[in-house]
Structure formats: structure tokens, C-alpha cells
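So the chains spell out like this:
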Amino acid sequence: MSKSCIITGGSGLVGSNFKDGIKINSSHCDLMNYDESYNKIKSFNPDSIIHCAAMVGGLYYNIQHPLKFFEKNIQMNSNILKISHELGVKKFIGFLSTCIFPDNLGRPYQETDLHIGPPHDSNFGYAYAKRMLEVKIRAYRKEFGYKYFCVIPTNVYGYNDNFNIDNGHVVPALIHKIYNAKNNNEDLVIKGTGKAKREFIFARDLANICNYLLNHYDGDDSIIVSDSDNEIAIKELVDILVEVSNFKGNVIYDTSYSDGQLVKKTDNSKLKNILENFEFTPLEKGLKKTYEWFENNYEEVRK
Ligand code: NAP
Ligand code: GFB
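Reference entry: report on the structure contained in this document. (Residues numbered from 1 in each chain as written. Chains lettered and ligands numbered in written order. Predicted model: local features only at pLDDT ≥ 70, side-chain atom pairs only at ≥ 80, totals over all residues. Heavy atoms only, no water.)

So, about the side chain of Asn77. By the secondary structure assignment, Asn77 is in helix α3 (residues 66-86). With residues up to four places along the chain from it excluded, the contact list for Asn77 reads His51, Ala53, Ala129 and Leu133. (Helix = DSSP H or I, 4+ residues; strand = E, 2+ residues; numbered from the N terminus. Contact = heavy atoms within 4.5 Å.)

The following block contains the structure:
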């Protein structure tokens, strides 16, 4: 990747897992502030932008803050696209998420399903902000002929995640909880029934796929990025995490918590046609590597 590729959100779970590119975060510029961000990004003279920056959080954080998720993401996305246009940035990747697809579709999601029905209520603020990112990217492409497109990752996990137990996603939240339960000899409490099903992708795999797409994909449409052959129930995820962390205590399911979307299965055939033989990191291996990384970096991780 040429050094003139800027990666916004470069300190986050996805952005930090890119091997090269100029990684920026809010210490370089607040993307909520157009002028500050325009001047900083102009100084790098980018010819491509991989836009990872967003307000991101797990199910329970989304349930609590629909307005904040909507407003912050709408503002950041509008600013970065306007800056890209003003600077004549040739290539741009925007990040959506499989949780923004219509809820209860009854079949695996395809890229063309994005706007055909309302998203799950638990994260409607985030979901509509992301859907407007897709609409805005389409409008810039149509009006100015830019090579801008969106990737639609499923649940991502890996190094440099947000391991905060209250606002993080399920994998980092459970890794942190297991770490605490092991050290304090406590029970491990899982939120919900464990029946919800998810697909997961290792952040390093997602970053490598995006790097390839930036340099080889000339299409206009969005692309689902998932390993859709490996959908598992949260309960199975818990069993793997207990195994790889060698947790020996009790596991309790607190069913007073919502499960969120029960299913968000994807059809990744479009990605598979572009990336024939990509080897996704097996979930057990990725979870073991992430748990060990968390243990070895406990003092510095976001929690
Ligand atoms: P993350 O770990 O929370 O990182 C967010 C990044 O955005 C951080 O580098 C943060 O910088 C930056 N950022 C936030 N607000 C900013 C602001 N006002 N100005 C400048 N930078 C700001 O998020 P992530 O999990 O890597 O997600 C990356 C992208 O993937 C997002 O667009 C997300 O919607 C998408 N995605 C994530 C998942 C998932 O499971 N994590 C799934 C599907 C899609 P600071 O640290 O300086 O605040
Ligand atoms: O990653 P997560 O928080 O978000 O996963 P979603 C929630 C699922 O994990 C639910 C179960 O089925 C929960 O019942 N779970 C069990 C837990 N224990 C815990 C726990 O301690 N913490 C958390 N967080 N979950 C998100 C969207 O949906 O997907 C976001 O809300 C984002 O907008 C993300 O796009 C990728 O997968 O449900």
C-alpha cells in the first residue's frame, strides 16, 4: 500500500491491524471538527483513505445511546467524505457492519438487502448512520465518478480491541470478564441466553482483505466481509473462550439481559469470488491469540 494511504481510526481494533499506511486517530484530529481535520489530512496529501474511525460499541452500549451513535457517526462520515472530495482523494473504503441489515430477514444477508427493511431496534442509531454512509458514498461515486465503496464486516475481534466490560463487544467483554473471574476466583456471568448466533472475523484478516480490495477491487458496490461458513451460538463462543483461557470456575447465564439480534447470517459469495483461496484465521486460534495478547498487555489495553 502506498504511504499516501490514510487510515482513520488507526488506534482502534480494525485500524491498528493494518500493516502499513498513515494511521491517524483523535490525537491527530477530531473528525467531528471539519477545519481541524481538513488541515491535518491535507498535510498528508493522501491518494486513498481507509475510513475506520467511528463511534463503536457492543449491543448494550448501543441500546443505551442511539442518539450519540447516530449524531457522531453522521458527523464524522460527512466530514471525512467532504474532505476526501475537496482533496481529490481517488480511493476510499467506508465501513458498514452486518448488524445494520434488516432484522428478521429469514435468509443470509446479501449486499443488496441493506435498505429493504428496518434494522434491529437495539442499534438503530448506529445502523441508520452507517446506512447514510453507504448512501453518501454512492452519491459521491455517481456525481463525481470516484472509486469509493463500502465493506460490510461481521463481528470483528482481535488485538487492540475495546475490552471495556460495559460498552465493549461480546468477545473482548468476555475475555476481560474471564480474566477477572480467574484472578478473583469468581463466577463468569454471560449476558442473555447464549442462543444468539454470530459470525466472527479476526481483525488482522479483515485488514489484509481491505488492503487487497483497495488495490484490486474496481467495483462500485459494497462487499460483505465475513467467514460465513463459521456461524456459532454465543454459548459455543463461551465454551471456546473457557477452553482457551483455561477457566475452571462456574459459568452463569443472566437471562435478564437482551440477546439482541438472534441471527445475522451472511452470504459471502461476492467476497469469495474476488478472493478465491483466502484462509480465515480459525476462531479457536484467533481467540486463543487474543486472550494471550490481553493477558500480556493487560496494563496498556483499553478497558
Ligand atoms: P474502535 O476500536 O472503537 O476504534 C475507533 C477508532 O475511531 C479509534 O481509533 C478512535 O480514535 C477513532 N475515533 C473515534 N472517534 C473519533 C473522532 N471524533 N475523531 C477521530 N478519530 C476518532 O472501532 P473498531 O472496532 O476498530 O471499528 C472500526 C470500523 O469498523 C468502524 O467503522 C466500525 O463501525 C466498523 N465495524 C466494527 C465491528 C466490530 O465488531 N468492532 C464490526 C463491523 C464493523 P481514538 O482512540 O483516538 O478515539
Ligand atoms: O458483540 P455484541 O455486544 O453485539 O454481542 P451484537 C452481543 C451478543 O453477545 C448478545 C451476548 O447475544 C449478548 O447476549 N453476550 C453475552 C454479551 N455476554 C455478553 C457481554 O458480557 N457483553 C456483550 N456485549 N455481549 C453489535 C451491534 O451487535 O454488533 C453494534 O450492536 C456493532 O452496532 C457490532 O455493529 C458489530 O453482535 O449483538
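The local shell around ligand 1 holds 28 residues, among which Ser11, Val14, Ser26, Tyr126 and Arg302 are the closest. In this structure, Gly9 approaches ligand 1 through a main-chain N or O atom, which is 3.3 Å from an oxygen atom. Measuring from a nitrogen atom of ligand 1, one finds a side-chain N or O atom of Asp30 at 2.9 Å. Within the complex, the protein chains bury 86% of what would otherwise be the 900 Å² of accessible surface of ligand 1. When residues of the shell around ligand 1 are traced back to their parent elements, those giving at least two are α4 (124-144) and β6 (155-157). (Near = heavy atom within 4 Å. Polar contact = N/O pair within 3.5 Å; in protein donor to acceptor, adjacent residues only side chain to side chain. Areas by Shrake-Rupley, 256 points an atom, 1.4 Å probe, with all protein chains shown as cover.)

Scanning the entire structure with this criterion turns up eight salt bridges. Here Lys147 ties to Asp220 by a salt bridge, and the two come within 3.8 Å at their closest N and O atoms. Here Asp220 lies in the loop between α6 (203-216) and β10 (223-225) and Lys147 lies in strand β5 (residues 147-153), a separation of 73 residues in the sequence. Residue Lys147 is classed as partly exposed on the basis of its relative accessible area, which comes to 36%. With relative accessibility at 37%, the residue Asp220 sits in the partly exposed group. (Salt bridge = Lys/Arg side-chain N within 4 Å of Asp/Glu carboxyl O. Buried < 20%, exposed > 50% of the residue type's maximum accessible area, 1.4 Å probe, protein only.)

Here we take up the environment of Leu13. Tracing the backbone shows Leu13 in the loop between β1 (5-8) and β2 (22-24). In sequence terms Leu13 and Asn250 are 237 residues apart; their C-alpha atoms lie 29 Å from each other. In this structure, Leu13 is in contact with Val156, Tyr157, Gly158, Tyr159, Asn160, Asp161, Ala203 and Arg302, ignoring residues within four places of it in sequence.

Around ligand 2, 25 residues are found, and the nearest of them are Cys99, Asn155, Lys177, Arg198 and Asp259. Measuring from a nitrogen atom of ligand 2, one finds a backbone N or O atom of Gly168 at 3.2 Å. Asp259 is positioned such that a nitrogen or oxygen atom in its backbone is 2.7 Å from an oxygen atom of ligand 2. Coverage of ligand 2 by the protein amounts to 97% of the 710 Å² it exposes when considered alone. Looking at the shell around ligand 2, the elements with two or more residues in it are α2 (59-64), α5 (170-184) and β7 (188-191). It is α5 that contributes the most residues to the shell around ligand 2, four residues altogether. Its residues placed into classes, the shell around ligand 2 shows ten nonpolar, ten polar and five charged. (Nonpolar A, V, L, I, M, F, W, Y, C, P; charged D, E, K, R; others polar.)

All right, on to α5 then. When the terminal C-alpha atoms of α5 are compared, their 21 Å separation across 15 residues agrees well with the 21 Å that a helix rising 1.5 Å per residue should span. Turning to α5, its buried residues are Val171, Pro172, Ala173, Leu174, Ile175, His176, Lys177, Ile178, Tyr179 and Ala181. Buried residues in α5 make contact with β6, β7, β9 (200-202), α7 (234-245) and α9 (283-296). (Expected span 1.5 Å × (residues − 1).)

Now for α4. For α4, built from 21 residues, the straight-helix expectation of 30 Å at 1.5 Å per residue is met to within 8% by its first-to-last C-alpha distance of 30 Å. In this structure, the buried residues of α4 make contact with α2, α3, β4 (91-95) and β5. Immediately beyond the C-terminal end of α4, within one or two residues, lies Gly145, with a positive phi of roughly 70°.

This part is about the nonpolar core. If you look at the biggest cluster of nonpolar residues, it comprises 33 residues, and the most contacted ones within it are Ile41 and Tyr148. Of all the elements in the fold, those that place two or more residues in this core are α1 (34-44), α3, α4 and β5. Ile41 has contacts with Ile6, Ile24, Leu31, Pro46, Ile49, Ile80, Ile83 and Leu87, leaving out every residue within four places of it along the chain. Membership of the second largest hydrophobic core comes to 29 residues, among which are Tyr157, Tyr179, Phe200 and Tyr291. (Core = buried A, V, L, I, M, F, W, Y, C linked by side-chain atoms within 4.5 Å.)

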